[in-house]
Amino acid sequence: MHELLVIGPPLLAIAAAIAGFAQPGRLARHTVGAIEALVLAGLVAAALAAVDLALHGPLLDTLVLHDAVSATMLLLVAFVGWVVVRFARTYLDGEARQGLFMAWLCATLGCVMLLVVAGHLLLFILAWIGTSLGLTRLLLFYAERPAARRAARKKFLVARAADLALLAATGLLVAAYRTADIAAINSAARAGEGGGLAVAGAALLALAALLKSAQFPTHGWLTEVMEAPTPVSALLHAGVINAGGYLLIRFADVMLLSPAALAGLVMVGGFTALFGGMVMLTQPAIKTSLAWSTIAQMGFMIMQCGLALFPLALLHIVAHSLYKAHAFLSSGGAVERIALFRRPGGVAIPGPRAVGRAFLVALLIYALIGAAVGFLGQSPQALALGAILIFGIAYLVAQGLAEAAPLALTRRLVTLSALASLGYFALHVAVTWITAGSLPPAPPPGPLEWVLLSVAVLSFGLVAVAQAMLPLWAGHPAAAAIRVHLSNGLYVNTLTDRLIGGWAIGNAQPTSRRVRS
Amino acid sequence: MTIDITKIAEASAAAAAAIPPAWPLAATVAVNPWLGQTGEPLAMVAARMARAAGVAVTMERSWYAARIASGVITDDDLAAALAAAPSMPSGWRPENVAALKAAALTPSPAPRALPTVAELAAEATGVDWPSIIAERFGHFAAGWFDEGQALWAAPRGRSALAAWRAVATHDLTPELLGLGGFSARVAEAPDAASPLLAQAVAQLGLTPAAMTSVFHRALSTLGGWAQAARYRQWQAQLVGSDDGTITDFLAIRLLWEVALLDQLRPLVGTAWEATVAAHAVPLTPTPAQCIDAILQEAAERAGQRSLAARLAVDAPPAAEAPALQMAFCIDVRSEVFRRSLEAIDPRIQTLGFAGFFGLTAAHRRLGSDVAEHRLPVLLNPGFTSTAGNPEDVPANTARRLEVRVVRAWARFKLAAVSSFAFVEAAGPTYGLKLLRDALGIGGASPDQDPAPRPDPALDLPGRVRMTASILRAMSLTRGFAPLVMLAGHGANVVNNPHASALHCGACGGYTGDVNARLLATLLNDPQVRAGLSAEGIAVPETTLFLAALHDTTTDAVRLFDADAAGPAHHNQIARARQWLDAAGAIARSERAIRLPRATGGAQLVRRSTDWAETRPEWGLAGCQAFIAAPRARTAGRNLAGRAFLHDYVWRDDEGFGVLELILTAPVVVASWISLQYYGSCVAPELFGGGNKLLHNVVGGFGVVEGNGGALRTGLPWQSVHDGAGLAHEPLRLTVCVEAPIEAMTTILWRHPAVAALFDNRWLHLIALDDSGRMAWRYAGQSEWVPMESADAATPLAA
């Protein structure tokens, strides 16, 4: 029964996909209804499986692994998947290849769900590759669009590199542990077994995760896949993109064997987080801005993995997926939102003194909550991360403390800041408790880790200060040049296009399609 | 050869005038895509648009052929269209109807624009320069027009050109993609458009005869960006000023051409010289373009025949003493609702008038500093208004605070480091939002603003003058019912970037409630009533004016009865509510038939809160006719939501001042709407808003498809097409007016720009006789001919 509930969601999604493939054109009303019903049934099964887990403990099958981590991910993907499929059901109405779209959407969704419950390396690899192939079909839904082909080509190259890295990594792990059972590999790794093969495997896992998570400098394709219908973006940014992070969390015990790989994750993830976050600031198009936001958020999550804060990375994946799915699906409201924000007049810009006070207030909030939650039990990594998040909160406080802000606004924003801080510390505690049996705690930091922690806290702090004071220095001529380079993502995409001939005619011949009837 | 700088300025002004303005999506209105070409007939514009943009201005031949085959277009229609075809400079036309029918079966050659240097370069080098330029220009323009998406906004600069130079001197992309020295070239370029254009003209070897055409071609490659720039110029010219954005854009685009030509002259130089020569050749429509125009005219005549048949039906006489009068916007969506409402009780009378109700208000909402122009975009605001009285100040402050908190939270969400804190603190709550929106719970909450008032207040003579002229323009000067409702309209949709396109065009793309509430308050004022009485308009003391808002998505009507509270009318209002509810149900059932997936009237209400719905309503799709006549001529006839209905009683119109107003204002607005739908159907690649599934809202003011490139203006494909076929029949509007033809001739003679619309058939003008039947057709150049179908046309005696 437990197995059936766990394997049910992916199988139901694949059944929905088959219904779509059977009717690749415009779908009959009852067929789209059936497709959504199948996916919804998958969500129900995922929820029941989670209840079953809470009652009877984890399931460690040859094929399937269902613990707190898998259950969280399965529930998340099944939920977001249902919302996206339900959205697409109406949104794609009238499209000539509606059935094909729903089919690939459900097939991709099924593969992601299979990935998160896979207990066997082979199944894991198949689901991993299947997800990527399904996504490519979705990205090329309007294959006549040159920009869609350009993006899909870049994505294809990066994804195949990620596949190779994963294949090599799993090969090394099988060689090291003489088993393809993921739970068994993890428990052996936790016992310190595996040796050099496992360490090399961990490094390759890290590489695969970086490639899969659109980390610098292989992030380019993610900023260009708005060439597919909105539900694809929602599924990609809320489901598929998490594969890399999930890989790291799933093999957390193995990853801990290689401090060097973890350090690499911190460096690449941390840089990508700051880089993506700054590029995002310059983007005037909503979906493009959201895409850069995803790159940054994935960077942050990868950094959390690198700091061995796997439960927090899992929390980040869940929180980010829910937010980003909603942000993409509701991006049509941007016109009204921006019009609304123009109505109450100009934004009160905080001056340097206000920014200074805001950071003090934020640190005070941190101290108070820390005292309440208990600083002492926390690892230095968790404390550093808390500090980084508090720098973010300071921006909210700063807006309230701006000299021109009325007192009522100040009160509301400071309260909101305190609530937000309380919110994530509560979530941190909750997720750590839920995953206590499945995920290893962060080991005590060594010298390398201390350096990384300090650099991370310092650089995020600097960017946070610069961000809070942005309107004060953005007008400077030197800032204009920086802005141009950042708004172009430091030309990484341009260079990639040049390397792969992205702008060549034939690859990018504009086809004027005049479909009229 | 050097060309006089004023000649260049004239050519660039002419090219700019050929581009239609595009309003930002926050409050967008329909625009005639050929606003700059109304002085030319369709075949000529076909030739012009083919050369400048490579788009057609008529449907594909198969569309006409299918209509001929099915009998929708008859031989008589074809013969009439052929006979009426304007003589072309080429002097060519098909010999007879048989030749025309044969031509309809052969596809028209696809229009091909003359190539740009970028296109020649692409052909020669295999690098897609046109797309690279489109991408780069879009990247710049999106930032430059941004109204608040990017937290780190692009500097606006002194001008568009200055802002672009500040970007392009740093941008490494062109160099990386193979256009060496581009940023250095930009740095050395003059920083004003005029010398830059002069340089470009010289370097591109443009001749005076070729200039305007080359410029038009260049601006067309910018798609909606040029139209957004033209909007700035339009707004500036409306207040007697000017704006150079579109000239700057032209100069920027030509700088790219010059750079490519300089780099690739050996490869493309000769071809470019030939292109310039081709631009200098005077335009002549091809025989195929003439045939297309004649077929289009025949389709329109077929439409007029079916409209004539509908109008010829005898209808029940109007009630003597109405219990309820309700004025609606002329918008075609009102027709369905008015017919449904009138069917419920003979004591209900409806009227049609432009939905801004003659009030040109620049309005500030509660808690807002933004003055919204709730008036037709052809006009300047006449006064300012505010929501609420001095006693509403606390509510005003509270609303501001509420929005500022939300805004601060949104900035927190989008800022570089704080976005991580936001996700970890608040991300999980989005699970609930996903659930809520997936189930369509909630939706947009209706605007709860207090009643608007003119601010500063208008003096009494001014208010009387204003209301008297509005009532006269509405042909509502006597026979007032005890309850007179003034219904503005607005759509009710969520997650839709094009929501404002579904609102009231006469109110500048906003909902019509503010104007209706302002007018109702004015008309309920006893002082104004006394003044009106002195003007000869006696409004009974017992008459109450009540503002309403017709929700065109759900056909629900909201009454603003709190604005004019009084126990005296309680029962009448309660009864009106029942009538409106019943009418809404009828109207919804009728509309549900046309909407895909709608299972019935009730489902229409659910669509309005569905965030995935791309077709919540059809807007004005289907619009075909504009009828200015007493309601008795159209009441009881099913016009299928395809006619703008304007009440007009010519016998009450001394001096034909109201007629002049109708022909020069609402008719022109209706032509913009009709031609926008037409353009979005026949040339969706340039004048359509693209695929909704790919829309990426840019800067809060527009959409691009996918990653970027050209701004997309006009109606999205989903707004004119249901997946199986067009939901809008692309016919140019037929204007039917019950008025003496001499009076119309005189008015057209006084307004050459309006006359051009009719002379060149962007609009058809038909005079109705005293029984509301089509009697006379305007044949252009002040000529009228009797309608083909009319038995014996007798002109109305003035």
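Rules of the game
- Residues numbered from 1 in each chain as written.
- Chains lettered and ligands numbered in written order.
- Predicted model: local features only at pLDDT ≥ 70, side-chain atom pairs only at ≥ 80, totals over all residues.
- Heavy atoms only, no water.
- Axes fitted to C-alpha atoms, helices over the stretch in contact; angles between N-to-C directions.
- Helix = DSSP H or I, 4+ residues; strand = E, 2+ residues; numbered from the N terminus.
- Parallel < 35°, antiparallel > 145°, perpendicular 65-115°, else oblique.
- Left-handed = near helix turned anticlockwise from the far one by under 90°.
- Contact = heavy atoms within 4.5 Å.
- Phe/Tyr/Trp six-rings, centres within 6.5 Å; stacked < 30°, edge-to-face > 60°.
- Buried < 20%, exposed > 50% of the residue type's maximum accessible area, 1.4 Å probe, protein only.
- pLDDT = per-residue confidence, 0-100.
- Buried area = accessible area lost by both parts, 1.4 Å probe.
- Salt bridge = Lys/Arg side-chain N within 4 Å of Asp/Glu carboxyl O.
- Polar contact = N/O pair within 3.5 Å; in protein donor to acceptor, adjacent residues only side chain to side chain.
- Nonpolar A, V, L, I, M, F, W, Y, C, P; charged D, E, K, R; others polar.
- Pairing = 2+ DSSP bridges.
- Right-handed = clockwise from strand over helix to strand, strands pointing away.
- Patch = residues over 30% accessible without salt bridge, like charges linked within 9 Å, V, L, I, M, F, W, Y side chains within 5 Å.
- Areas by Shrake-Rupley, 256 points an atom, 1.4 Å probe, with all protein chains shown as cover.
- Expected span 1.5 Å × (residues − 1).
- Core = buried A, V, L, I, M, F, W, Y, C linked by side-chain atoms within 4.5 Å.

### Topic: the packing of helix α2 (residues 42–53) of chain B against helix α15 (residues 287–312) of chain B
All names here are of chain B.
Point 1. The N-to-C vectors of α2 and α15 enclose an angle of 130°; their axes lie 8 Å apart at closest approach. In this view, α2 runs oblique relative to α15, as classed from their interaxial angle. The chirality of how α2 crosses α15 is right-handed. Mapping the contact onto sequence places Leu42, Ala43, Ala46, Ala47 and Ala50 in α2 and Gln289, Cys290, Ala293 and Gln296 in α15.

### Side note on the packing of aromatic side chains
All names here are of chain A.
Point 1. Applying the stated criterion across every chain yields a total of 51 aromatic pairs over all chains.
Point 2. Residues Phe216 and Phe275 carry aromatic rings whose centres are separated by 5.1 Å and whose planes lie at 75° to one another, so their mutual orientation is edge-to-face. Taken together, the positions of Phe216 in the loop between α8 (195–212) and α9 (230–238) and Phe275 in helix α12 (residues 259–281) put the pair 59 residues apart, joining distant regions of the chain.
Point 3. By relative accessible area, Phe216 is classed as partly exposed at 26%.
Point 4. On the basis of relative accessible area, Phe275 is assigned to the buried category, the value being 3%.

### Remarks on the confidence of the model for chain A
Point 1. In this model, chain A carries an average pLDDT of 92, and 97% of its residues clear a pLDDT of 70 or more.
Point 2. Below pLDDT 50 for its whole length, residues 507–517 of chain A participates in 38 contacts with residues either more than four positions away or in separate chains.

### What about the interface of chain A and chain B?
Point 1. Facing 119 residues of chain A, the contacting portion of chain B comprises 117 residues.
Point 2. A buried area of about 10000 Å², summed over both sides, lies between chain A and chain B, and 64% of it is on carbon and sulfur atoms.
Point 3. Our count for the chain A to chain B interface comes out at three salt bridges.
Point 4. Linking Glu372 of chain B and Arg343 of chain A is a salt bridge whose minimum nitrogen-to-oxygen distance equals 3.7 Å.
Point 5. Here chain A is connected to chain B by 43 residue pairs in polar contact (both at pLDDT 80 or more).
Point 6. With ten residues, helix α14 (residues 310–329) of chain A is the single largest residue contributor to the side of chain A that touches chain B.
Point 7. Partitioned by chemical class, the residues of the side of chain A that touches chain B number 73 nonpolar, 29 polar and 17 charged.

### Thoughts on the sheet that holds strand β17 (residues 734–737) of chain B
All names here are of chain B.
Point 1. Read from one edge of the open sheet, six strands run β11-β10-β17-β18-β19-β20, paired in mixed fashion. Two strands in the sheet have a free side with no partner beyond their single neighbour: β11 (643–647) and β20 (783–786). Recorded for the sheet is a direction-independent mean angle of 25° between the axes of neighbouring strands.
Point 2. Sheet topology places strand β19 (residues 774–780) next to β20; four bridges connect them, and they run antiparallel. Paired with Tyr778 across the strands is Trp784, a residue of β20.
Point 3. Packed onto the sheet, helix α30 (residues 752–759) meets β17, β18 (764–768) and β19 and runs at close to 105° relative to β19.

### Focus: the side chain of Ser608 of chain B
Residue and element names in this part refer to chain B.
Point 1. Structurally, Ser608 can be placed in the loop between α24 (601–607) and β10 (625–629).
Point 2. For Ser608, a relative accessible area of 2% translates into the label buried.
Point 3. Polar side-chain contacts of Ser608 include one of 2.7 Å to the backbone oxygen of Val605.
Point 4. Residues within four places of Ser608 in sequence aside, it is in contact with Asn492, Val493, Val494, Thr553 and Thr554.

### A closer look at the pattern of salt bridges
Point 1. Going through the model one piece at a time under the given rule, you end up with 54 salt bridges over all chains.
Point 2. Between Arg347 of chain B and Asp345 of chain B there is a salt bridge, with the nearest N and O atoms lying 2.8 Å from each other.

### Concerning the pairing of strand β1 (residues 324–329) of chain B
Residue and element names in this part refer to chain B.
Point 1. Of all six residues making up β1, six are buried, and the element is well covered by its neighbours.
Point 2. The sheet contact formed by β1 and strand β2 (residues 348–353) spans six bridges and is parallel. Counted as the bridge partner of Cys329 is Phe353 from β2.
Point 3. Traced from β1 through helix α16 (residues 332–344) to β2, the parallel crossover comes out right-handed.
Point 4. Strand direction decides the pairing type here: β1 and strand β7 (residues 483–490), joined by four bridges, are parallel. Its bridge partner lying in β7, Ala327 is registered against Leu486.

### Description of a nonpolar patch on the surface
Point 1. A cluster of nonpolar side chains, namely Leu11, Ile14 and Ile18 of chain A, defines an oily patch on the protein surface of about 260 Å² accessible area.
Point 2. With respect to the helices and strands, Ile18 of chain A occurs in helix α1 (residues 2–21).

### Quick look at the environment of Arg178 of chain A
All names here are of chain A.
Point 1. You can see Arg178 is positioned in the loop between α6 (146–177) and α7 (182–190).
Point 2. Here Arg178 falls in the exposed class, since its relative accessible area comes to 74%.
Point 3. Arg178 sits 16 residues away from Gly194 along the chain, and the two C-alpha atoms are 9.7 Å apart.

### Structural notes on the pairing of β11 of chain B
The side chains of a regular strand alternate between both faces of the sheet.
All names here are of chain B.
Point 1. Along β11, five of the five residues are buried, which leaves the element largely enclosed by surrounding structure.
Point 2. Side-chain alternation along β11 places Ala643, Leu645 and Asp647 on one buried face and Phe644 and His646 on a second face that is also buried.
Point 3. Sheet topology places β10 next to β11; five bridges connect them, and they run parallel. Paired with Ala625 across the bridge in β11 is Ala643.

### Remarks on the sheet that holds strand β5 (residues 383–387) of chain B
Residue and element names in this part refer to chain B.
Point 1. On the basis of which strands lie adjacent, the open sheet formed by four strands has the order β4-β3-β5-β6 and mixed pairing. In this open sheet, the two strands that pair with only one neighbour each are β4 (372–374) and β6 (452–454). Mean inter-strand twist for the sheet, computed between neighbouring axes without regard to direction, equals 35°.
Point 2. Where strand β3 (residues 361–364) meets β5, four bridges bridge the pair, whose relative direction is parallel. Bridge assignment links Arg364 to a residue of β5, and that residue is Thr386.
Point 3. The sheet strands contacting helix α21 (residues 513–524) are β3, β4, β5 and β6, and the helix crosses β6 at an angle near 65°.

### Considering α8 of chain A
Residues and elements named next belong to chain A.
Point 1. Under the 1.5 Å per step criterion, the end-to-end length of α8 is 26 Å for 18 residues, consistent within 8% with the ideal 26 Å.
Point 2. Residues of α8 that are buried include every one of Ala198, Gly201, Ala202, Leu205, Ala206, Ala208, Ala209, Leu210, Leu211 and Lys212, and no others.
Point 3. Residues of α8 that are buried make contact with α5 (121–139), α6, α10 (243–250), α11 (252–255), α12 and α13 (286–306).
Point 4. In the segment just after α8, Ala214 is the residue with positive phi, at about 55°.

### Description of α9 of chain A
Residue and element names in this part refer to chain A.
Point 1. Along α9, nine of the nine residues are buried, which leaves the element largely enclosed by surrounding structure.
Point 2. Every buried residue of α9 is listed here: Thr230, Pro231, Val232, Ser233, Ala234, Leu235, Leu236, His237 and Ala238.
Point 3. In this fold, the buried residues of α9 make contact with α3 (68–91), α4 (98–117), α5, α13 and α14.

### With respect to the nonpolar core
Point 1. By size, the foremost hydrophobic cluster in this structure holds 211 residues, and its most contacted members are Phe124 and Met255 of chain A.
Point 2. Contact partners of Phe124 of chain A, with chain neighbours within four places excluded, come to Leu115, Ala118, Leu166, Ile182, Tyr246, Leu247, Arg250 and Phe251 of chain A.
Point 3. Tyr648, Val669, Val682 and Leu731 of chain B belong to the second largest nonpolar core, which has 104 residues in total.

### Remarks on the side chain of Ser12 of chain B
Residues and elements named next belong to chain B.
Point 1. Here Ser12 lies in helix α1 (residues 5–17).
Point 2. Overall, the relative accessible area of 7% leaves Ser12 in the buried class.
Point 3. Other than its neighbours up to four places away in sequence, Ser12 contacts Leu197, Phe215, Thr247 and Leu250.

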